[in-house]
Each structure stands twice: as structure tokens, then as C-alpha cells.
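# Summary of structural features
Listed below, chain by chain, are the residues.
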Amino acid sequence: MTAAQYVRCLSGIVRREALRWLQQRGRFLSALVRPLVWLAIFAAGFHFVLGVSIIPPYETYIPYEVYIAPGLVAMIQLFNGMQSSLSMVYDREMGSMKTLLVSPMPRWYLLVCKLLAGTAVSIVQAYVFLVIAWFWEIEPPLWGYLAVFPALVLSGLMLGALGLVLSSFIRQLENFAGVMNFVIFPMFFASSALYPLWRVKESSLTLYWICQVNPFSHATELIRFALYLKFDAVSAAIVTGYALAFTLLAVYGYDPGRGLIARRDAG
Amino acid sequence: MRREPSAALARTGVVFQQPTLDLDLTVEQNLYYQAALHGIARSVAAPRIAAELDRIGLGERRHDRARALSGGQRRRVELARALLHDPVLLLLDEPTVGLDIESRQLLLDHVRALCKERRLAVLWATHLIDEATDESTVIVLHRGVVEAQGRVSEVVADTGQKTLRGAFDALVAGKGSIR
């Protein structure tokens, strides 16, 4: 296999993922509507309930909508990561994953391609949301839109890899609803997406530490800081670490030599 | 296969028993995807895809979603897909399961024609015994054990039967029925 063949394989997988995403209109719409509902209803409802004091990276008092926007961007990526792992489980049940498995490319590489493809799709979704959010007066500095790109890549990879790990350990599609409940919601709520962590600390120290360990908090903070042209080194390091760990775990989970998949298929 | 999986897979085409087309994509997109998985450039894949689709008589449906095709047509697309990277060995795992009589015949004729035209070895797994003609080489597998191997005419003669069907029954008789 030559380098050119690897590149073609990657672009083929990204193209397929993009085509699937565009052709499944419902998926595209729901991915977009979900954060907008949060923004339009939830944030409006809590507008006066939660006053947010000046905390970095913000330099002035900000309305609640502005505070939760980065968390909603991360939520888009979280859902996307889970959705692409859902499609892996679906592909495995329906047999179309076999196409992938008879490719001469190494298994780990195919998995990384899949991860990159999912991340690319999630980044497009995030930008579409940010453009719409601009009309809600969520107006980060113009350069922030550029600066947030690497943050979106990192968090997209981390959340996508988490999805892959889950999909390699899930046997059937039916189990997936459970994952939604036990992964997406706890991750989203026990994080800094909806409320600043110093407030959480005031009410419960345990919860505060859960939020601190939660990779989703750090994805949110990374995006938040980048969007306002600041760099949160701790979050960047933590997100990178989690991304690497999840990717390795996914490669392990999908390695035929380890028999995880083989055992799963037999069972 | 175990020692050099990549090299082996690069020269093997596979048609699975289970349908494996991506139903949300068009016929052509499915084929391009497969070509990419083998590292084939789109410019190289394009004429091959056109040729393979014409050969199976689905050239005009290249822009249709795979979902819109009938079972037999999907099967033929899967066959075309397995041939895109010009394999030397083609594996077909019960490819005619669930197909109507006409589609089944079409597929059989098509694969036989391929064997004659190209340097292509075909391993066709089936439990529909009449799919093997007299010139075929067969391996009779029963519960993972090779019961007989050779040209159909030889296998039939060795068992003292008149047809392959009879030969199969004789070979597996008393060895634990699968029925």
C-alpha cells in the first residue's frame, strides 16, 4: 500500500460519511434543531434566573445565551460522535461493515479514517450552528471563528473516539438507547456546559470533581476559550489525553486479533 | 491470508451472503466507495465502474439509490463491486440466496462468462446443488469435513450415482443430517 492509496481511502470514507449525512435529511435537521431549541427555549427561560458573573474568558457580564453557546457546540459534537458510533453498530448488524473489513487497508487505519470523517461532519455542523447563533447575538470576535477550529478538531476527535469505544463494546442496536441515557445526558449535565463550575462547587464538592473529571467539561472549556481568542492549556492537554486514550481503546476493541469483534459476532 | 492479510485481500473479491450495499447511496457512490477502500483513484475507477455496470446491464441506473434496486439487481451490483480492483480470486458466499429464478440464472451465467474472459478463479459456496455444472470442480463439505473433491462428473461416478444431488445424499448419508 502506498501513501497515495492511504489518502484515497481516507477521502473515500470521508466522502461516504458526508454523503450519508447530507442524504439523511432528518439527521441533519435534528442535529441543528437540538441546540437551537436549547438556545431558544432553555436559555431564554433561564435568562434571568442565572446571573453569570465575569469569569474568564469573558471580559464583561454576559447573558446566559452567550454562556451556554460553547457547551451547545460541544453537544453537537457529542451527539455526532454517538450517532456515528450508532451507525457503526448498525453497519455491523446490517452487514455493510463487511465491505470495510475486506479492504486491504489495516484495520486501525480504517478506524482512524472513520473517526476523522465523523469529526469533519461534526465540525461543519458546529459552524452552521455558530452562524445561526450569531443572529441570537452570540457574537464572538471574528477571529474566534478561526481560532475555534483546532479546538473543534480536538474535541470532535475525542468525542468521536468515545463513540467508537462504546460501539465496539455494544452488541446490539437496542442497547443504544441506554447509552444515550447513561452517556449523553450525564456527560452533558455534569459539565460546565450549562453552569460555571464555581457555582457547582458551592452546592456540591463531589459533583464539582465529577465535572472536573468529565472530558466533556474540558471539550466545552476548550471551545469556549478558543472562541474568545484565549487558550486553555489544561483543557487542551486533558482533551488530547482523552482523545488518545479513547482512540487506542477503540483500536483495541476493533482488533480482530484480540477477538473482541469475533466473539461479539459469534454471540 | 493470515500471514499477509493486506496482500491477500488486495487480490480477492468477495460477495457476501448478506446484502452489504449502502442503501442510502447511489449505485455509483457505492462503487466509488469500494474503489477508495482499495486505494483506487477516482479517475481510474470511473471507466472500470462504467464498464462493470454496463456488463451487468445496470449502466443506466448508476445514479439511482441502491434502495430502489431489486434484490437481484443489488446482487449484481455487489458482484460488479467485488470486481473493481481486478481480483484474481472471487469468493461468493451463497450469492443466489433469496433471488428469483431469472436473477439467479443471470448471476450464474455472468460469473461463468467472467471465468472464461478473465484470469479469475471463483469459489462459489452454495447449498443449491444444481448450480454446479458437469464441468465445475466441486468440494462437498459436510459439517466442516471435506467429503469429496474433484470434477462433478468424477464425484458422481465415484459414488455410483447418476446426479450430483444423488452423490451428495450418498456422501452425507448417515453422517448426521442437517435437516
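Conventions and cut-offs
- Residue indices follow the written sequence of each chain, beginning from 1 at its first position.
- Starting at A for chains and at 1 for ligands, labels are handed out in the order in which the entities are written.
- Where totals are concerned, whole chains, interfaces and linings use all residues; where local detail is concerned, this predicted model gives features only for residues with pLDDT of at least 70, and gives and counts side-chain atom pairs only at 80 or more.
- Runs of H or I in DSSP of at least four residues are treated as helices and runs of E of at least two as strands, each being numbered from the N terminus.
- With C-beta atoms placed from the backbone, a residue is buried if 20 or more other C-beta atoms are within 10 Å of its own, exposed if 12 or fewer are, and partly exposed between those counts.
- By the convention adopted here, residues are in contact when the distance between their C-beta atoms, placed from the backbone, does not exceed 7 Å.
- The quantity called the radius of gyration is restricted to C-alpha atoms. Its globule counterpart is 2.2 Å times the number of residues to the power 0.38.
- DSSP calls a pair of strands paired once it identifies at least 2 bridges connecting them.
- Only the contacting stretch of a helix is used when fitting its axis, a line to C-alpha atoms as for every element, and angles between N-to-C directions run 0 to 180 degrees.
- Note on residue classes: Ala, Val, Leu, Ile, Met, Phe, Trp, Tyr, Cys and Pro are nonpolar, Asp, Glu, Lys and Arg are charged, and everything else, Gly too, is polar.
- Every residue is assigned a pLDDT by the predictor, reflecting its confidence on a scale from 0 to 100.
- The term nonpolar core refers to a group of buried residues, namely Ala, Val, Leu, Ile, Met, Phe, Trp, Tyr and Cys, whose C-beta atoms join them within 7 Å.
- The span expected for a helix works out to 1.5 Å for each residue beyond the first.

### So, the overall build of chain B
Regarding its fold elements, chain B presents seven helices and five strands. Within chain B, buried positions represent 30% of all 179 residues. In chain B, 64% of the contacts between residues at least 6 apart in sequence involve partners at least 24 apart.

### A closer look at the overall build of chain A
Within chain A, the regular secondary structure consists of twelve helices and zero strands. When the helices and strands of chain A are read in sequence order from the N terminus, they spell out α-α-α-α-α-α-α-α-α-α-α-α. Taking 18 Å as the expected radius of gyration for a compact globule of 267 residues, we find that chain A reaches 19 Å, a close match to that expectation. Along the first, second and third principal axes, the C-alpha set of chain A runs to 55 × 40 × 35 Å. Counting only residues that meet the buried cut, chain A has 42% of its 267 residues in that class.

### As for the sheet that holds strand 3 (residues 121-125) of chain B
Residues and elements named next belong to chain B. The strand order across the open sheet built from three strands is 1-2-3, with neighbouring strands paired in parallel fashion. Every other strand in the sheet has two partners, leaving strand 1 (12-15) and strand 3 as the edge strands with one partner each. Neighbour to neighbour, the strand axes of the sheet diverge by 15° on average, direction disregarded. Note: strand 1 against strand 2 (residues 89-93), four bridges, orientation parallel. Paired with Thr-12 across the two strands is Leu-89, which belongs to strand 2. Packing of helix 4 (residues 71-83) onto the sheet brings it into contact with strand 1 and strand 2, and relative to strand 1 it is tilted by some 165°.

### Some remarks on the environment of Ala-45 of chain B
You can see Ala-45 of chain B is positioned in helix 3 (residues 42-55). On a C-alpha basis, the gap between Ala-45 of chain B and Asp-93 of chain B in space is 25 Å, while along the polypeptide they are 48 residues apart.

### Points about the interface of chain A and chain B
Often, the extent of an interface is quoted as the loss of accessible area upon association of its parts. Facing the 23 residues of chain A at the interface are 21 residues of chain B. When contributions to the side of chain A that touches chain B are tallied by element, the ones reaching two or more residues are helix 1 (3-23) and helix 4 (97-101) of chain A. For the side of chain A that touches chain B, the element with the most residues is helix 1 of chain A, which contributes eleven residues. Looking at the side of chain A that touches chain B, its residues break down into ten nonpolar, nine polar and four charged.

### Section: the confidence of the model for chain A
Per-residue confidence for chain A averages 86 on the pLDDT scale, and 92% of its residues sit at or above 70. Across chain A, helix 10 (residues 215-227) of chain A holds the top mean pLDDT of 95, while helix 12 (residues 260-266) of chain A sits lowest at 49.

### Looking at the environment of Val-200 of chain A
Residue and element names in this part refer to chain A. With respect to the secondary-structure elements, Val-200 resides in helix 8 (residues 197-203). On the basis of neighbour counts, which here come to 22 C-beta atoms within 10 Å, the residue Val-200 falls in the buried class. Spatially, the C-alpha atom of Val-200 lies 8.6 Å from that of Cys-211, the residues being eleven residues apart in sequence. Setting aside its immediate chain neighbours within four residues, Val-200 contacts Tyr-195, Leu-207, Tyr-208 and Cys-211.

### As for the nonpolar core
Inside soluble globular proteins, nonpolar side chains tend to come together where they are buried. Residues and elements named next belong to chain A. Core analysis: the biggest nonpolar cluster contains 59 residues, and Ile-68, Leu-72, Val-73, Leu-78, Met-158, Ala-161 and Ile-223 have the highest contact counts within it. At the level of secondary structure, the elements contributing two or more residues to this core comprise helix 2 (25-45), helix 3 (64-94), helix 5 (107-134), helix 6 (142-169), helix 7 (176-189), helix 10 and helix 11 (233-253). At 15 residues, the largest contribution of residues to this core is made by helix 3. Filtering out sequence-adjacent residues up to four positions away, Met-158 remains in contact with Pro-215, Ala-219, Val-239, Tyr-242, Ala-243 and Phe-246.

### Examining helix 4 of chain B
Spanning 13 residues, helix 4 of chain B covers 19 Å between terminal C-alpha atoms, matching the ideal 18 Å at 1.5 Å per step. Those residues of helix 4 of chain B not exposed but buried are Gln-73, Arg-74, Arg-75, Arg-76, Val-77, Glu-78, Leu-79, Ala-80, Arg-81, Ala-82 and Leu-83 of chain B.

### Looking at helix 2 (residues 27-37) of chain B
The buried fraction of helix 2 of chain B is high, at ten of eleven residues. When helix 2 of chain B is considered as a whole, its buried residues turn out to be Val-27, Gln-29, Asn-30, Leu-31, Tyr-32, Tyr-33, Gln-34, Ala-35, Ala-36 and Leu-37 of chain B. In the core, the buried residues of helix 2 of chain B are packed alongside helix 1 and helix 4 of chain A together with helix 3 and helix 4 of chain B.

### With respect to the pairing of strand 5 (residues 145-151) of chain B
Residue and element names in this part refer to chain B. Relative to strand 5, strand 4 (residues 137-142) is paired through six bridges, and the arrangement is antiparallel. Bridge assignment links His-142 to a residue of strand 5, and that residue is Val-145. Hairpin connection from strand 4 to strand 5: two residues lie between these consecutive antiparallel strands, with Arg-143 at a positive phi of about 50°.

### Details of unusual backbone geometry
Note that the residue after Pro-56 of chain A, namely Pro-57 of chain A, is joined by a cis bond; omega there is 10°. Although it is not a glycine, Asp-86 of chain B sits at a positive phi angle of roughly 55°. Checked against the element boundaries, Asp-86 of chain B lands in the loop between helix 4 and strand 2. Asp-86 of chain B sits in the partly exposed class, given 14 other C-beta atoms within 10 Å.

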